[in-house]
Amino acid sequence: MKYVALQHEKIEIEPLSEKLINKNHGGINLFVGTIREWTGDIQTEEIRYTSYEEMALKELNKLATEVETKWGADVVIVHRLGLLEITDIAVFIGVSTPHRAACYEGSRYIIERLKERVPIWKEEKDVDQIRWGGIDAHNG
């Protein structure tokens, strides 16, 4: 089972995590990425996510399939688009597998490759300037 989505609405954790319940799986790992106020000495006010949606969904599906195949997993990936404020959920990644180690590995695999491969762009409005790609993109 896999479920991927891009949405402008608030991400609700409970209904997404319920999709991962599988009587043959003993481990569920949830990663919930939120908007933080401070990154080092940079203060963020808000973040806007935009996307090439058709390609982003295609890549998210590929990632989900890769994890489904490699770890025998059920996968849920949801990324929010639009304007997000501090503490809003930007991304939900859920991986359910027969054993716990695989769900951790699958979840990490998704978030790292999502940032590399999926055409979702981050415009970060800080108190001093606007940065594209976020702080991490400018600090190596």
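Residues numbered from 1 in each chain as written. Predicted model: local features only at pLDDT ≥ 70, side-chain atom pairs only at ≥ 80, totals over all residues. Heavy atoms only, no water.

## Observations concerning the overall build of the protein chain
Secondary structure assignment for the protein chain yields four helices and nine strands. The secondary structure elements of the protein chain, listed N-terminal to C-terminal, are β-α-β-β-β-α-β-β-β-α-β-β-α. In terms of C-alpha radius of gyration, the protein chain reaches 15 Å, essentially the compact-globule figure of 14 Å for 140 residues. Along the first, second and third principal axes, the C-alpha set of the protein chain runs to 50 × 30 × 25 Å. A buried classification covers 44% of the 140 residues belonging to the protein chain. Here the contacts in the protein chain between residues at least 6 apart in sequence split such that 75% fall between residues at least 24 apart. Surface summary for the protein chain: the accessible area is close to 7,900 Å², and the carbon and sulfur share equals 48%. Computed over 18 positive and 24 negative side-chain charges, the inter-centroid distance for the protein chain is 6 Å. (Helix = DSSP H or I, 4+ residues; strand = E, 2+ residues; numbered from the N terminus. Rg over C-alpha atoms; globule rule 2.2 N^0.38 Å. Buried < 20%, exposed > 50% of the residue type's maximum accessible area, 1.4 Å probe, protein only. Contact = heavy atoms within 4.5 Å. Areas by Shrake-Rupley, 256 points an atom, 1.4 Å probe, with all protein chains shown as cover. Lys, Arg positive; Asp, Glu negative; His and termini not counted. Charge placed at Lys NZ, Arg CZ, Asp CG, Glu CD.)

## Some details on the nonpolar core
In terms of nonpolar packing, the biggest core is built from 28 residues, with Tyr 49, Val 67 and Ile 77 touching the most fellow members. Listed by contribution, the elements that provide at least two residues to this core are strand 1 (2-7), strand 4 (42-51), helix 2 (53-71), strand 5 (74-80), strand 7 (89-97) and helix 3 (100-117). Membership of the second largest hydrophobic core comes to eight residues, among which are Ile 11, Leu 20, Val 78 and Ile 89. (Core = buried A, V, L, I, M, F, W, Y, C linked by side-chain atoms within 4.5 Å.)

## What about the packing of aromatic side chains?
By the definition in use, this model includes one aromatic pair. Over the ring of Tyr 3 we find Lys 19, and its NZ or CZ is 4.5 Å from the ring centre. (Phe/Tyr/Trp six-rings, centres within 6.5 Å; stacked < 30°, edge-to-face > 60°. Lys NZ or Arg CZ within 6 Å of the ring centre and 35° of its normal.)

## So, unusual backbone geometry
Positive phi, normally seen in glycine, also occurs at Thr 87, with a value near 80 degrees. Its place among the elements puts Thr 87 in the loop between strand 6 (82-85) and strand 7.

## Examining the packing of helix 2 against helix 3
Orientation of helix 2 relative to helix 3, taken along the N-to-C sense of each, is 155 degrees, at an axis distance of 10 Å. When the interaxial angle is binned, helix 2 and helix 3 end up roughly antiparallel. Helix 3 is crossed by helix 2, and the crossing has right-handed handedness. For the pair helix 2 and helix 3, contact is made by Glu 59, Leu 60, Lys 62, Leu 63, Glu 66, Val 67 and Trp 71 and by Ala 102, Glu 105, Gly 106, Tyr 109, Ile 110, Arg 113, Leu 114 and Arg 117, respectively. Of the residues contributing to the contact of helix 2 with helix 3, the split by class is eight nonpolar, one polar and six charged. (Axes fitted to C-alpha atoms, helices over the stretch in contact; angles between N-to-C directions. Parallel < 35°, antiparallel > 145°, perpendicular 65-115°, else oblique. Left-handed = near helix turned anticlockwise from the far one by under 90°. Nonpolar A, V, L, I, M, F, W, Y, C, P; charged D, E, K, R; others polar.)

## Considering the side chain of Thr 39
Examined against the element boundaries, Thr 39 turns out to sit in strand 3 (residues 38-39). A distance of 2.8 Å separates a polar atom in the side chain of Thr 39 from a polar atom in the side chain of Arg 36. (Polar contact = N/O pair within 3.5 Å; in protein donor to acceptor, adjacent residues only side chain to side chain.)

Interpretation in functional terms is not warranted from these geometric data alone.
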